[in-house]
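The lines below spell out each chain.
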Amino acid sequence: MSKIIARRLVAAGLLAILTGGAYAASWDERVFASHVDFDAVAAAGPSALPALIARGRELFKAKFTTADGAGRPKATQAIVPTHRKFGVNPAFSRLSGPDSDSCSGCHNDPVLGGSGDTVANVFVSEGFESAEFDSTDPSFSSERHTVALMGAGLVELLAREMTADLRAERDAAVARARQSGQDVETDLVTKGVRFGALKARADGIVDFDGLDGVDADLTVRPFSRKGVFTSLRQFTINALNIHHGMEASERYGVRWTGSHDFDESGVPDAVTPGDVSALVAFQATLPPPTVKADLPPDWREAAAEGEKQFETLGCASCHRPTMPLKSLVFTDPAPYDTAGTLRDGEVKEGISIDLSKLPFAAQLKRNDKGEWLIPLYSDLKRHLVVDAQVSALGNELQAQRFVERDVFLTPRLWGVGSTAPYGHRGDFRMLNEIIVAHGGDARFARDAYLDLPKAQRETVIAFLRSLVIETSQ
Amino acid sequence: MRGLCPLAIAAVLALATAPAFAEPQLLLSDVPVMHEEAQAAGLNQTYDGAWEFFVGGGGAAFDCDGSGFPSVFLAGGKNPANLFVNKSKRGGPLKFEEKRIDVDPRLLIGVIGAYPLDIDGDGLTDLFVLRVGENLLLKGGPNCTFTLANKEWSFGGDEGWTTSFAAEWEKGQKFPTLAIGHYVDRFAPGSPYGTCEENSLYRPQPGDRPNYSVRTPLTPGYCALSMLFTDWNRSGAPSLRVSNDRQYYRGGEEQLWRVEPGKPPKLYSRAEGWRHLSIFGMGIAEGDLDGSGFPDYALTSMGDTKIQKLDQEQSEHGEFPVYRDIAGEMGATAHIPYIGGDKRPSTGWHSEFADFNNDGLLDLFIAKGNVAQMPDFAAFDPDNLLMQQWSGKFAEAGDKAGIAENRQSRGALIADFNLDGNLDLLVVHRGAPASLFRNLGSNDGRGGVIPPGNWIEIKLAEPGPNCAAVGAHIAVKTGTRTQMRTIEVGGGDASGHSGWVHVGLGVAERAEIRVQWPDGEWSYPYRAFANQFVVVDRAKPQAEYWYPGR
């Protein structure tokens, strides 16, 4: 790197965590003149975090270049390394990807890391047999509106604690069944959310027929519209490949593909574990949405009434106003990721970010147990949202990673006032429209909402519109 | 093989058969860290003895107590065979406890090896015990108990020098068909040269209990050191592949018997495509290396190992059993020791394909060891751990993995003994205690251990007598890749295992499992998450997850 760049990095505290950079001209177009050294960050402890987060912010905004390894000429968008059968991917493909230059190309509304305009919708596909497509036909892909990442670190921490609870319940049931020689049925409940039930048998087999809204490995996956990503890290690695053709070495590198340049972009090990950690740190520390502070009196009054209606109607049975969180310490790697996403056992020590030290933590309420109350308005559970009469959200034809097509993760409503349009592909321009589109498990609440007089329905809208992502963030 | 053999000739022959020795391949994949802990685990068993026990040296790994953890029964040759019950905890150090088997102790002497299978369909694993003398059918009972069932099952013992075994359920049969392979007839004039005993096939006779009163000879016998029923062309009717030791036969070769239900077994002929191959055949391993749907075979020998692949063109896509040797191009001839500097040919015994680093590629383990003191073959001849690379070729990792011992290895058992998802390894040695390697994970290149790839372990169950679904094929699909496994009884060097079928998944978090049941019917796809034990019961609509109790 050039001396000028080096001086800037030193000033930003970045030099200590960057490694491997060749000296380059000060006008270098590349994003990755050097890479973040995971071990150095972990060893440095909290002192390295500001620089790590700053680097993550840079990377989130950066437009990756050919010289960085952008584009995936010979690889598909698949979650597992998959070569194209033949031919070469175009540098950009609006539909099957790579479809953007930067993370912020989509996640920018109303602030960096937020949601996006419909124009930024993406078209997700498994990327195996029909990896390349030039049609928006849902038989090829599922169109998705951008999910805001505000408060994502808190969301992941909630999911981790829920996973731990569910697995502990399973293990306890198995132990009791083995000990007693009898079937043991257990409700799977964590943080007040019931994920159905299981039956453990004395022979160690567990019957998951009664499972509801979570995968059979009992991992609560809080990211993506369908809830198929366990961690920000896993989501980030996937997104880098799908949208930018930037392949992280921890999944597409030599351990799992035999190649340092699996996609044949010409750039070996384009994204290092440290680079991914920078992106994770940035996302994990994004402040959560808040309640709009400067509401005019009529709106404040209506929102207060709407908040009550939200409970009364039953919306809050899935869109849980708060979820309790025991710890705000975010560790990277995450505890429940599997091979291909950096795991605890693959690093000497992990990176630890205490979110309670961040300014937003002061705004979080706590319960009498000292748990942090995370106002996400979700249960982090999947639900069927379509029925025979109300099926506007049933517009997909493909299951996604074992999740059936009409089943979606309860969207987090914090910030919903800032993230129009609505629905998994942004089909609904107004809040009333998306509420009316709720079928399936949410049908009862939607019907109750429709039974309200218009003025009372408006209060619900007023309440939801008050949940915003502050642009001052 | 006796020390008086004309070994110089054997060595020359061994090398002459190698068409193209493999160039060492670059090792890019994870290398497992294999920690030897037999003594600490309480597993102390030595296979030893005179000439009869230069060969064999195997055992069986199987769940004998319903815990899901594989216990082991190990041959001892002149020493008693022993049962070691697995007391390990999930992910922990290996631990075994010796348990007495309630049969005449004299019958546990002279044991060559063993294979586990549920002969009577009662859900409890039985054992076929290979011996010098009368062979044993040990009926499994609860809590790792066994009773001798030769009489109950009308089995005369098929007396001889038994060195190989295989079993299958022929269509329409309630009980398995047993193939028994013999070595030299020690009492024939001119023994040992040209005096290979004929082999035997026992088909179950009608009735409600196993009845093996009728023997069908498999003639000629060419000193069979390994046998395997294998559905080589996916016809649904497995054939019997026999690997023979050319040290003692005259005019012999490798064999493939057509074993069709209700018909006498018949050797595949030249006219049917079977080609002459004469090796010191010691152990057969089957695996579908490239997901072609047709199995490949590793055949150990003295000198180079063969890897036989069905020649799609000449076999007319499975019409004829025409194979070509791809060991050279795959980097897997393993013909001389890879460390130690001894340039004399290796002696290979047990072979088995398995995924030791969970990267989704089958690796190849080969047990090695001089017959006794054959001067023209390598004295220090470490076992091979050939890791398959993404290029499709194999790279040697035996020394880096920590299994390159100075022992005379024979049989081996590859199983997940502590149910942590990583395959462990038990190696039986001649004249030395067995080694037990716990797979700790992958070497991080800095002296540490990191977790390997994702995995899944699968157990099949179906109603009826063949309740472990021997003969079933399992297809595990992740993305565009499909890995195949087959439930078989036989192969290797007098060693076999039953129970969990391990499949490495690499970075895949999910897999779809399809089963082709022994009657040929394909299941629908079962969805399963990685790093789980999955039971696929044909009688149930969903695959089920299983969890260890300790």
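Cut-offs used in this document
- Just so you know, the residues in each chain are numbered from 1, in the order the chain's sequence is written.
- All chains are assigned letters beginning at A, and all ligands numbers beginning at 1, according to the order in which they are written.
- Per-residue local features of the predicted model are confined to residues with pLDDT of at least 70, and side-chain atom pairs are confined, for both listing and counting, to 80 or more; whole-chain, interface and lining totals are unaffected and use all residues.
- A run of DSSP states H or I qualifies as a helix once it reaches four residues; a run of E qualifies as a strand once it reaches two. Both are numbered from the N-terminal end.
- We compute the radius of gyration over the C-alpha atoms and compare it with the globule rule, which gives 2.2 Å times the number of residues raised to the power 0.38.
- Residue burial is a threshold on neighbouring C-beta atoms within 10 Å of the residue's own C-beta, all placed from the backbone, with 20 or more meaning buried, 12 or fewer meaning exposed, and counts in between meaning partly exposed.
- Two residues qualify as a contact pair if the distance between their C-beta atoms, derived from the backbone, is within 7 Å.
- Multiplying 1.5 Å by the helix residue count minus one yields the expected span of that helix.
- Note: two strands are recorded as paired if DSSP finds a minimum of 2 bridges between them.
- Only the stretch in contact is used when fitting a helix axis, every axis being a line fitted to C-alpha atoms; angles between N-to-C directions are given from 0 to 180 degrees.
- A set of buried residues drawn from Ala, Val, Leu, Ile, Met, Phe, Trp, Tyr and Cys, joined through C-beta atoms within 7 Å, is what defines a nonpolar core.
- Polarity classes work like this: nonpolar for Ala, Val, Leu, Ile, Met, Phe, Trp, Tyr, Cys and Pro, charged for Asp, Glu, Lys and Arg, and polar for all others, with Gly in that last group.
- Predictor confidence is given residue by residue as pLDDT, running from a minimum of 0 to a maximum of 100.
- In this scheme, roughly parallel covers angles under 35 degrees and roughly antiparallel covers those over 145, while 65 to 115 is roughly perpendicular and the rest are oblique.
- A crossing counts as left-handed when the near helix is turned anticlockwise from the far one by less than a right angle, and as right-handed when that turn is clockwise.

### A word on the overall build of chain A
Of regular secondary structure, chain A possesses twelve helices and 16 strands. By the compact-globule yardstick of 23 Å for 473 residues, chain A fits well, its C-alpha radius of gyration being 23 Å. Each principal axis of the C-alpha distribution contributes one length, and for chain A these read about 65 × 65 × 50 Å. The proportion of buried residues among the 473 residues of chain A is 53%. The long-range share in chain A, meaning contacts at least 24 apart out of those at least 6 apart in sequence, stands at 69%.

### Some points on helix α8 (residues 273-284) of chain A
All names here are of chain A. The terminal C-alpha atoms of α8 lie 16 Å apart, and with twelve residues this matches the ideal 16 Å at 1.5 Å per residue to within 8%. Of all twelve residues in α8, twelve are buried, a share of seventy percent or more. The complete set of buried residues in α8 reads Pro273, Gly274, Asp275, Val276, Ser277, Ala278, Leu279, Val280, Ala281, Phe282, Gln283 and Ala284.

### A closer look at the sheet that holds strand β24 (residues 384-388) of chain B
All names here are of chain B. Pairing within the open sheet is antiparallel, and its four strands lie in the order β22-β23-β24-β25. Two strands bound the open sheet, and with one partner strand each, they are β22 (348-354) and β25 (394-396). Averaged over all pairs of adjacent strands, the angle between strand axes in this sheet comes to 20 degrees, irrespective of strand direction. With five bridges connecting them, β22 and strand β23 (residues 363-368) associate as antiparallel partners. Following the sheet pairing, Phe353 is matched in β23 by Leu364.

### Side note on unusual backbone geometry
Across the chain, the bulk of peptide bonds are trans and the bulk of non-glycine residues have phi less than zero. All names here are of chain A. The peptide bond linking Asp109 to Pro110 adopts the cis configuration, its omega dihedral lying at 5 degrees. Within the secondary structure, Pro110 sits in the loop between α3 (49-61) and β3 (122-124). Even without being a glycine, Lys191 presents a positive backbone phi close to 50 degrees. Looking at the secondary structure, you find Lys191 in the loop between β5 (184-190) and β6 (193-200).

### Focus on the environment of B:Ser269
Along the chain, B:Ser269 turns up in the loop between β17 (266-267) and β18 (284-287). Note: C-alpha distance between B:Ser269 and B:Gln255 (14 residues apart in sequence) is 9.3 Å.

### Some words on the nonpolar core
Core analysis: the biggest nonpolar cluster contains 274 residues, and A:Leu52, A:Leu158, B:Ile456, B:Ile513 and B:Val534 have the highest contact counts within it. With eleven residues, the single largest contributor to this core is helix α4 (residues 152-180) of chain A. Apart from the residues lying within four places of it in its own chain, the contact partners of A:Leu158 are A:Pro222, A:Met323, A:Leu325, A:Ile374 and A:Leu380.

### Digging into the interface of chain B and chain A
Opposite the 33 residues of chain B that make contact, chain A presents 30 residues. Elements supplying a minimum of two residues to the side of chain B that touches chain A: β37 (526-529), β38 (532-537) and β39 (544-546) of chain B. The leading source of residues in the side of chain B that touches chain A is β39(B), at three residues. For the side of chain B that touches chain A, a count of residues per class yields 13 nonpolar, 14 polar and six charged. Pairing of strand β7 (residues 205-207) of chain A with β39(B), which is carried by two bridges, proceeds in the antiparallel orientation. Bridging across to β39(B), A:Ile205 finds its partner in B:Trp546.

### Re the confidence of the model for chain B
Residue and element names in this part refer to chain B. Averaged over all residues, the pLDDT of chain B equals 95, while 96% of them reach at least 70. Under a pLDDT of 50 for its full length, residues 1-18 has, in the predicted model, 34 contacts with residues more than four places off or in other chains. With pTM at 0.95, the complex prediction returns an ipTM value of 0.95.

### Structural notes on the packing of helix α5 (residues 232-244) of chain A against α8(A)
Residue and element names in this part refer to chain A. Here α5 crosses α8 at 120 degrees, and the two axes come no closer than 9 Å. By the angle between their directions, the pair α5 and α8 is classed as oblique. The two elements α5 and α8 cross, and the hand of that crossing is right-handed. Counted together, Leu232, Arg233, Thr236 and Ile237 of α5 and Val276, Leu279, Val280, Gln283 and Ala284 of α8 form the full contact between these two elements. Classifying every residue of the contact of α5 with α8 gives six nonpolar, two polar and one charged.

### As for the pairing of strand β12 (residues 199-202) of chain B
Residue and element names in this part refer to chain B. Two elements, strand β11 (residues 177-182) and β12, share three bridges in a ladder whose sense is antiparallel. Each bridged residue has a counterpart across the sheet, and for Ile180 the counterpart in β12 is Ser200. Taken together, the four bridges between β12 and strand β13 (residues 215-218) define a ladder with antiparallel strand orientation. Among the inter-strand pairings, Tyr202 is bridged to a residue of β13, identified as Arg215.

### A closer look at the packing of α3(A) against α8(A)
Residue and element names in this part refer to chain A. At a closest axis distance of 7 Å, the pairing of α3 and α8 adopts a crossing angle of 95 degrees. As far as their axial angle goes, α8 and α3 are roughly perpendicular. Note on element contacts: α8 touches α3 through Asp275, Ser277, Ala278, Leu279, Ala281 and Phe282, opposite Leu49, Leu52, Ile53, Arg55, Gly56, Arg57, Leu59 and Phe60.

### Let's talk about the environment of B:Leu83
Residue and element names in this part refer to chain B. Counting through the fold element by element, Leu83 comes out in strand β4 (residues 82-86). Note on Leu83: 25 C-beta atoms within 10 Å, which makes it buried. The spacing of Leu83 and Arg407 is 324 residues in sequence and 22 Å in space, taken between C-alpha atoms.

### Quick look at α4(A)
Spanning 29 residues, α4(A) covers 42 Å between terminal C-alpha atoms, matching the ideal 42 Å at 1.5 Å per step. Remark: A:Gly181 follows α4(A) within two positions and exhibits a positive phi of approximately 75 degrees.

### Brief notes about the sheet that holds strand β9 (residues 323-325) of chain A
All names here are of chain A. Taking strand neighbours across the sheet as the criterion, the three strands line up as β9-β13-β12 in an open arrangement whose pairing is antiparallel. Strand pairing shows two members of the sheet lacking a second neighbour, β9 and β12 (365-366), which therefore form its edges. As paired elements, β12 and strand β13 (residues 372-374) share two bridges and run antiparallel to each other. Pairing of Arg366 across the sheet is with Trp372, part of β13.

### Description of the environment of A:Ser102
All names here are of chain A. Along the chain, Ser102 turns up in the loop between α3 and β3. Looking at Ser102, the number of C-beta atoms within 10 Å reads 18, which means it is partly exposed. Measuring from C-alpha to C-alpha, the distance between Ser102 and Phe64 comes to 6.5 Å, with 38 residues separating the pair along the chain.

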